[in-house]
Amino acid sequence: MQADMNAGIKALWLSLRLPQLPLDIVQRGCDEEVGLVIAHQQRVLFASVCARAAGISAGMTLSTAMALLEPLHITEFDALRSQRSLHQLAQWCYQFTPHVSVREVSLQEKKHQPAAGLLLEIGGCLQLFHGLDKLLHRINEGLRHQQLQVVSSLGHTPMSAWLLGSQGEQNPLDLRGQLKAGLDLTTLTPDWFIQRLHPLPLHYLSSADDKLQQQLHSIGLGNLGDLFALPRASLNRRYGQELGSQLDKLLGLAPDPQTFIEPTQVFFIERHFLSGLSSVDMLLKPAEEMLRELRQFLLHRQLQCRGFEWRFYHFDKQRSQVTIELSNAQSQSDNFLELTRLRLHQHRIDAPIETIALHSDALQASEARSQPLFHELGFESDQQVQSELLDKLRAKLGKERINQISAVDDHLPECRQRVEVVKCLQRSEKTSLQRSEKTSLQRLESRKETPSEDPLWLLPQPQPLRQRGQALLLPESSGELEIISAARRIDSHWWQQRQRRRYFIARDPQGLHWIYFDGRRQQWFLHGHFG
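Residues numbered from 1 in each chain as written. Predicted model: local features only at pLDDT ≥ 70, side-chain atom pairs only at ≥ 80, totals over all residues. Heavy atoms only, no water.

Novice: Is there a simple way to explain the packing of aromatic side chains in this structure?
Specialist: We describe a pair of aromatic rings using the distance from one ring centre to the other and the angle between the two ring planes. Scanning the entire structure with this criterion turns up 13 aromatic pairs. With a centroid separation of 6.3 Å and 15° between ring planes, the pair formed by Trp13 and Phe260 is classed as stacked. Pair noted here: Trp13 is in strand S1 (residues 13–17) and Phe260 is in the loop between helix H12 (241–251) and strand S8 (267–277), with a separation of 247 residues, a long-range link. For Trp13, a relative accessible area of 9% translates into the label buried. In this structure Phe260 comes out as partly exposed when scored by relative accessible area, which is 32%. Here Trp494 and Trp495 contribute two aromatic rings whose centre-to-centre distance is 5.4 Å and whose plane-to-plane angle is 90°, an arrangement assigned as edge-to-face. Judged by relative accessible area, Trp494 falls into the exposed class, the value being 66%. (Phe/Tyr/Trp six-rings, centres within 6.5 Å; stacked < 30°, edge-to-face > 60°. Helix = DSSP H or I, 4+ residues; strand = E, 2+ residues; numbered from the N terminus. Buried < 20%, exposed > 50% of the residue type's maximum accessible area, 1.4 Å probe, protein only.)

Novice: What's the story with H12 in this structure? I'm lost.
Specialist: Because the α-helix completes a turn every 3.6 residues, residues three or four places apart line up on one side. For H12, the full list of buried residues reads Leu243, Gly244, Gln246, Leu247, Asp248, Leu250 and Leu251. In this structure, the buried side of H12 is in contact with helix H7 (158–164), helix H8 (190–197), helix H9 (210–218), helix H10 (224–228) and helix H11 (232–239). At the exit of H12 stands Gly252, carrying a positive phi of roughly 90°. (Contact = heavy atoms within 4.5 Å.)

Novice: Is there a simple way to think about the sheet that holds strand S5 (residues 100–103) in this case?
Specialist: Strand pairs in the sheet, formed through backbone hydrogen bonds, run parallel or antiparallel to each other. With antiparallel pairing, the four strands of this open sheet are ordered in space as S5-S6-S1-S7. The open sheet has two edge strands with one neighbour each: S5 and strand S7 (151–155). Adjacent strand axes in the sheet meet at a mean angle of 20°, parallel and antiparallel pairs treated alike. (Pairing = 2+ DSSP bridges. Axes fitted to C-alpha atoms, helices over the stretch in contact; angles between N-to-C directions.)

What follows is the structure in structure tokens.
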């Protein structure tokens, strides 16, 4: 039955109007109600509930507002910050529909029109979310979690959805953003929406300026229904094509193309705090909430993160940051929080923080990974365990202090390895090397064979061997060395300083050793030990 009802819907638009977005951005970081105003050019634009209770209203001068309420927090209107928040919300809405259009923040619009909002075409995704009611519920729950005051409405065209949200009585949605009692999807036909538009006043049309409104009122036209009843051709001849074109878009008689957002591969979110944050404990709570939003973003976009950056903006206009790099792409918010906690405890906070921003552009498509079947037997993903260990060591000690030995393509043993910063632990490779040496030693003990692999333990510098007659002795040992292998010759580095060596495996009471004879210097050296 639900599929049949959805089949009858060609287009259904949801408008999300944000009447006080600049105020919501600032005060959603407050734990309690405070007297707050957003000001522009020494006048109040928006006032919090506490400020309005003291008699402060939009348009009032700041001097008058400060006389009415003490203390009063004053924040200057920041159009760029509002625009960023609006586009963040649009990206969040992309999880519900690919058709999301943005109405930018502006101070130039008429008083009765909100300055910012979003338009979502949801008619094509109702079946995916199991009906209109469930879709609206999911959207409203997410908006409430973001502590934004939103006025929602529906319409059969973008403009009708936007205008119906300005009239509570005509709006098909209640204050909670749900369908009003007695309405369902079968009720929401284009004719029904047009009937709801009839009582709206003329000044809701952006094309109707004050002069045009006076002209329309002078001939007895008081609302949109009166305009709808007039012949369109005569209306266009007398009042211009712009008015007729807007009416056609409003009614759905002409297309009203919208510019839809593109999904971004960059995550950015910020929170503002009036009283400031001055300790790590105060930072962790908002950090945890912001990391949860990062995880939701990654899950909805099927992405994984290779690193993120915390940016802190202080009241003294200074800026600091903490960068966290991950050894492997992942989307685990718990691990993100643990790494953040480790790094923040090393971060010095010189002044209270006004704004926290979380940014990540190191994103990539998620990779499907097989999970172990028997967790209780300890068969756990080696890569995941190693990555978490490496990330924690980096966060605690610093990435420059976590090094590993890497193989280099060179003939000389001392040049085959180098120490470099760890990028990803290679436990399996180390295990195979250890297994190889262990196997060689077992063969040596059981069959009296010599190891075929080079020793893992090389000395930092080859040490000269002592000679007693024809016998060779270690530098600090009295036991004679017995050579038990054939010579292994190396002749290399002729382009720098030629090295001619003959390597042997020697044995004494202490174990097996790797020695060589230097043909250039005509001397024996100890180069390493077998474990």
